[in-house]
Amino acid sequence: YNTENGDDVWSAEVKGQVRGLAIADGTLIVSTTAGKIYAYSDAASTPKNVAASSYPAKTNAQPYAKDDLSATYEATAKDILKQTGVKRGFCLVVGGGQGRLAFELARRSDLQIYCAVPDANKVAAARRALDGAGLYGHRITVVHCPLDAIPFSDYFANLVVSDTLVASGDLPVDVAEVARHVKPLGGKLCLGEPAHAARPIAEKTQKRIRTEAADVYSPDAAEVKQADRWTLVTRGKLPGA
């Protein structure tokens, strides 16, 4: 329809009922209940043929350059999976940085991983790197948001970890703020570092994590363990359940 006067400008017949509309690169894409997908564009535009073999493009098996944190990220992912035993389900990475911890976890598990990152530049860098590795969108998603207002529901995550601890040795958010996302009856919050970390967590931060982790749920609603330099919280049932 003409947006100025409402005149009917164009229409087309489709098989089935329209259930999905998307616009990309000047093309209107329509899906219907009959399982058909239609694409409409300006008659003056040049049609494009996309061979199935041209996508996905070649992926980069190692999208991050080697640096002083490379070994730490690898060891952190291994330790988290060993400490928790969680290798499937949903994982929340707090302060996902450039996606490096998410990448190492995805390589070693079947987790669906969501990263909450407050820095827009790091969000863009993480998306580029993970897309190049063939992981972005279907295995790992990076969301731009403040860490004290993560836009995910309570109780959704089988595993909650932090990339910021690896990158800086600090956790710039209260444990309670991220613990609300942990799934009851077995969900795990795992915060810490491997032996010989490149940027060790300050003792002050370690103590704060331990204290907050011990008090984050109501009594008898969680099991808290200290293992090496890791704090592991396994959530129990909700009060009254």
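Below or above, wherever it landed, is the structure these notes cover.

The rules we used
The residue count restarts for each chain, going from 1 along the sequence in the order it is written. Where local features are concerned, this predicted model is filtered to residues with pLDDT of at least 70; where side-chain atom pairs are given and counted, the filter is 80 or more; whole-chain, interface and lining totals use all residues. Side-chain calculation: all heavy atoms of the structure are included, whereas hydrogens and water are not. Convention adopted: a line fitted to C-alpha atoms gives each axis, helices being fitted over their contacting stretch, and angles between N-to-C directions are expressed from 0 to 180 degrees. Secondary structure elements follow DSSP: runs of H or I of four or more residues count as helices, runs of E of two or more count as strands, with numbering from the N terminus. Roughly parallel here means an angle under 35 degrees, roughly antiparallel means over 145, roughly perpendicular means 65 to 115, and every remaining angle is called oblique. A clockwise turn of the near helix away from the far one marks a right-handed crossing, whereas an anticlockwise turn of less than a right angle marks a left-handed crossing. Residue contacts are defined here by distance: any two heavy atoms, one from each residue, within 4.5 Å place the two residues in contact. Put simply, Ala, Val, Leu, Ile, Met, Phe, Trp, Tyr, Cys and Pro go in the nonpolar bin, Asp, Glu, Lys and Arg in the charged bin, and everything else, Gly too, in the polar bin. Cysteine sulfur pairs qualify as disulfides if the two atoms are within 2.5 Å. The buried label applies to any residue whose accessible area, calculated with a 1.4 Å probe on protein chains only, is under 20% of its type's maximum; exposed applies above 50%, and partly exposed to all values in between. Stacked, tilted and edge-to-face are the three classes assigned to paired rings of Phe, Tyr and Trp, where Trp is represented by its six-membered ring and a pair needs centres within 6.5 Å; plane angles under 30 degrees give stacked, over 60 edge-to-face, the rest tilted. Here a helix's expected span is defined as the number of its residues, less one, multiplied by 1.5 Å. An arc is given here, and it is the one of the directions from the helix axis to the C-beta atoms. Residues belong to one nonpolar core when they are buried, are Ala, Val, Leu, Ile, Met, Phe, Trp, Tyr or Cys, and are joined through side-chain atoms within 4.5 Å.

One can describe the packing of helix H1 (residues 70-84) onto helix H2 (residues 100-108) by two numbers: an axis separation of 9 Å at closest approach and a directional angle of 50 degrees. Taken together, the axis directions place H1 and H2 in an arrangement best described as oblique. Where H1 crosses over H2, the handedness of that crossing is right-handed. Within the contact between the two elements, H1 uses Ser 70, Tyr 73, Glu 74, Thr 76, Ala 77, Lys 78, Ile 80 and Leu 81 and H2 uses Arg 100, Leu 101, Glu 104, Leu 105 and Arg 108. Of the residues assigned to the contact of H1 with H2, the class counts are six nonpolar, two polar and five charged.

Should the sulfur atoms of two cysteines be covalently bonded, the bond is a disulfide. Enumeration according to the criterion identifies zero disulfides in this entry. You can see Cys 91 has no disulfide; the closest cysteine sulfur is in Cys 115, sitting 7.7 Å from it. Using a relative accessible area of 0% as the deciding quantity, one classes Cys 91 as buried. Cys 145 takes part in no disulfide bond, and the closest cysteine sulfur to it belongs to Cys 115, at a distance of 10 Å.

Turning to the packing of aromatic side chains, a few remarks are in order. Overall, the coordinates contain eight aromatic pairs when judged by the stated rule. Plain terms: the ring middles of Tyr 38 and Tyr 40 are 6.3 Å apart, the flat faces sit at 10 degrees to each other, and that makes the pair stacked. According to the relative accessible area criterion, Tyr 38 is partly exposed, its value standing at 22%. With centroids separated by 5.7 Å and ring planes inclined at 70 degrees, the aromatic side chains of Tyr 64 and Phe 103 adopt a geometry described as edge-to-face. One end of the pair, Tyr 64, is in the loop between strand E3 (37-40) and H1; the other, Phe 103, is in helix H2, with 39 residues separating them in the sequence. For the pair formed by Tyr 64 and Phe 103, the shared burial category is buried.

Taking 1.5 Å per residue, 13 residues should reach 18 Å; helix H6 (residues 203-215) reaches 19 Å between its end C-alpha atoms and fits that length. Every buried residue belonging to H6 is among Thr 205, Gln 206, Ile 209 and Ala 213, and all of these are buried. Along the long axis of H6, the arc covered by the buried residues comes to 105 degrees, so they all point the same way. Away from the buried face of H6 by more than 90 degrees, exposed residues Lys 204, Lys 207 and Asp 215 are located.

Before going further, it helps to spend a moment on the nonpolar core. Grouped together as the largest cluster of nonpolar side chains are 32 residues, with contacts concentrated most on Leu 105, Ile 113 and Val 161. If you list the elements that add at least two residues to this core, you get H1, strand E4 (90-94), H2, strand E5 (112-117), helix H3 (120-132), strand E6 (140-144), strand E7 (159-162) and strand E10 (230-235). At five residues, H2 tops the list of elements feeding residues into this core. Excluding its chain neighbours within four sequence positions, the residues that come into contact with Leu 105 are Ala 77, Ile 80, Leu 81, Cys 91, Ile 113 and Val 161. If you look at the next biggest cluster of nonpolar residues, it comprises 27 residues, including Ala 116, Cys 145, Val 175 and Val 233.

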